[in-house]
Amino acid sequence: MSVEGPAHSACVARLADPEINLAAWGGIVFPLALIIETVQPIGSATMSRLPRALDSLTVWPVLSGLLFMLRSGGIAYKEAVISLLDEPGAA
């Protein structure tokens, strides 16, 4: 059973050495993080060209912060599960 999810498992399975190590993990996570980090500037640039740009740009940081707060609980839960997988009887 994979904790990382089907997309991560599919990418790792295609590697020559399917062992999960720092290079394999970074090769998958770094591009995804790069995509996620570029969404906010691209969204801001797009919204600045809308007819009511000031209203849209005012709400954008609030929504971004709210989404970050909602995601942080899920990310923390995932990290806790991964760290506890080494305990006896965890699987």
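What you see is a predicted model; the values in this text were computed from it and never measured.

Let's talk about the overall build of the chain
- Looking only at helices and strands, one finds three helices and zero strands in the chain.
- Order of helices (α) and strands (β) in the chain, N terminus to C terminus: α-α-α.
- Counting every position in the chain, which comprises 91 residues, the buried fraction comes to 9%.
- If you sum the accessible surface of the chain, you get close to 7,400 Å²; carbon and sulfur atoms cover 71% of it.

Thoughts on the pattern of salt bridges
- Here the structure, examined in full by the defined rule, presents two salt bridges.
- Residue Arg52 pairs with Asp55 through a salt bridge whose shortest N-O separation is 2.6 Å.
- Arg52 sits in the exposed class, given a relative accessible area of 62%.

Some remarks on the layout of surface pockets
- In this structure, the second largest pocket spans a volume of roughly 310 Å³.
- Lining the second largest pocket are Ile36, Glu37, Val39, Gln40, Trp60, Leu63, Ser64, Leu67, Phe68 and Arg71.
- Mapped onto the lining of the second largest pocket, the elements with two or more residues apiece are helix 2 (22-47) and helix 3 (53-84).
- For the lining of the second largest pocket, the element with the highest residue contribution is helix 3, accounting for six residues.
- Along the lines of polarity and charge, the residues of the lining of the second largest pocket split into six nonpolar, two polar and two charged.

Structural notes on the confidence of the model for the chain
- Summary statistics for the chain give a mean pLDDT of 77 and a share of 70% for residues scoring 70 or more.
- Looking over the chain, one finds the lowest element-wise mean pLDDT in helix 1 (residues 6-13), namely 61, and the highest in helix 3, namely 86.

Describing a nonpolar patch on the surface
- A cluster of nonpolar side chains, namely Val59, Leu63, Leu66, Leu67, Phe68, Met69 and Leu70, defines an oily patch on the protein surface of about 730 Å² accessible area.
- By the secondary structure assignment, Val59 is in helix 3.

The rules behind these values
Residues numbered from 1 in each chain as written. Predicted model: local features only at pLDDT ≥ 70, side-chain atom pairs only at ≥ 80, totals over all residues. Heavy atoms only, no water. Helix = DSSP H or I, 4+ residues; strand = E, 2+ residues; numbered from the N terminus. Buried < 20%, exposed > 50% of the residue type's maximum accessible area, 1.4 Å probe, protein only. Areas by Shrake-Rupley, 256 points an atom, 1.4 Å probe, with all protein chains shown as cover. Salt bridge = Lys/Arg side-chain N within 4 Å of Asp/Glu carboxyl O. 1 Å grid on protein atoms, 1.4 Å probe; cavity = no way out; pocket = protein on both sides within 12 Å on 5 of 7 lines; lining within 4 Å. Points joined across faces, edges and corners; volume = space filled by probe spheres on them. Nonpolar A, V, L, I, M, F, W, Y, C, P; charged D, E, K, R; others polar. pLDDT = per-residue confidence, 0-100. Patch = residues over 30% accessible without salt bridge, like charges linked within 9 Å, V, L, I, M, F, W, Y side chains within 5 Å.

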